[in-house]
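Here's the letter readout for the chains.
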Amino acid sequence: MMDWVVASCLIAGVLFSFFSALGILRMPDAYIRMHSSTKAGTIGIGLIMVAAALHFQDISVTSRAVGIIAFLLMTAPVAAQLLGKSLLMNKYKMWRGHD
């Protein structure tokens with residue numbers, strides 16, 4: 001049963017990471033790319049770390065996975081906010097309209 005949970009977390013994490021990368025490539029401006037990379041990327045890596053912690057079931061691996069998840073949850077929103085503020089201060093134009 002645990003193998004199914006690990007596989008589900010891993011597949012979901014890979015899909016979130018893939019859609020994050022796809023969003024970076026396909027979105028029209030930096031604001032939307034930033035949103036795609038921080039939200040989906042953080043969830044994707046978090047799920048992959050959960051899968052690793054569940055698979056190995058070792059306190060060393062679990063503590064490292066929890067540390068990585070905590071680090072990502074603390075730094076990704078701050079980095080996105082600073083990047084957005086920098087874009088706004090440099091008068092980067094938002095995408096308006098359709099291609």
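The structure this text deals with has already been given above.
Remember, it's a predicted structure, so these values are computed and weren't measured experimentally.

Trainee: Please clarify how a nonpolar patch on the surface should be interpreted in this entry.
Mentor: On the surface, I11, L15, F18, F19 and L22 cluster together into a nonpolar patch covering about 490 Å² of accessible area. For L15, the location among the structural elements is in helix α1 (residues 2–26).

Trainee: In this structure, what is going on with the packing of aromatic side chains? I would like to understand it.
Mentor: For the coordinates displayed, the defined rule picks out two aromatic pairs. With centroids separated by 5.7 Å and ring planes inclined at 65°, the aromatic side chains of Y31 and Y92 adopt a geometry described as edge-to-face. Separated by 61 residues along the polypeptide, Y31 in helix α2 (residues 30–56) and Y92 in the segment after α3 (59–89) bring together distant segments of the chain.

Trainee: What is the right way to look at the packing of α1 against α2 in this model?
Mentor: Packed helices, taken two at a time, are described by the angle between their axes plus the distance between the axes. Direction vectors running N to C along α1 and α2 enclose 160°, while the axes themselves pass 7 Å from each other. What the angle tells us is that α1 and α2 run roughly antiparallel. Both α1 and α2 take part in a crossing whose hand is left-handed.

Trainee: Would you take a moment to explain the packing of α2 against α3 for this structure?
Mentor: As a packed pair, α2 and α3 sit with axes 9 Å apart at the nearest point and diverge in direction by 175°. Between α2 and α3, the angle is such that the two are roughly antiparallel. Tallied by class, residues from the contact of α2 with α3 come to 20 nonpolar, five polar and no charged.

Reading the values: the criteria
- Residues numbered from 1 in each chain as written.
- Predicted model: local features only at pLDDT ≥ 70, side-chain atom pairs only at ≥ 80, totals over all residues.
- Heavy atoms only, no water.
- Patch = residues over 30% accessible without salt bridge, like charges linked within 9 Å, V, L, I, M, F, W, Y side chains within 5 Å.
- Areas by Shrake-Rupley, 256 points an atom, 1.4 Å probe, with all protein chains shown as cover.
- Salt bridge = Lys/Arg side-chain N within 4 Å of Asp/Glu carboxyl O.
- Helix = DSSP H or I, 4+ residues; strand = E, 2+ residues; numbered from the N terminus.
- Phe/Tyr/Trp six-rings, centres within 6.5 Å; stacked < 30°, edge-to-face > 60°.
- Axes fitted to C-alpha atoms, helices over the stretch in contact; angles between N-to-C directions.
- Parallel < 35°, antiparallel > 145°, perpendicular 65-115°, else oblique.
- Left-handed = near helix turned anticlockwise from the far one by under 90°.
- Nonpolar A, V, L, I, M, F, W, Y, C, P; charged D, E, K, R; others polar.

From the geometry alone we can't say anything about function, so treat these as descriptive.
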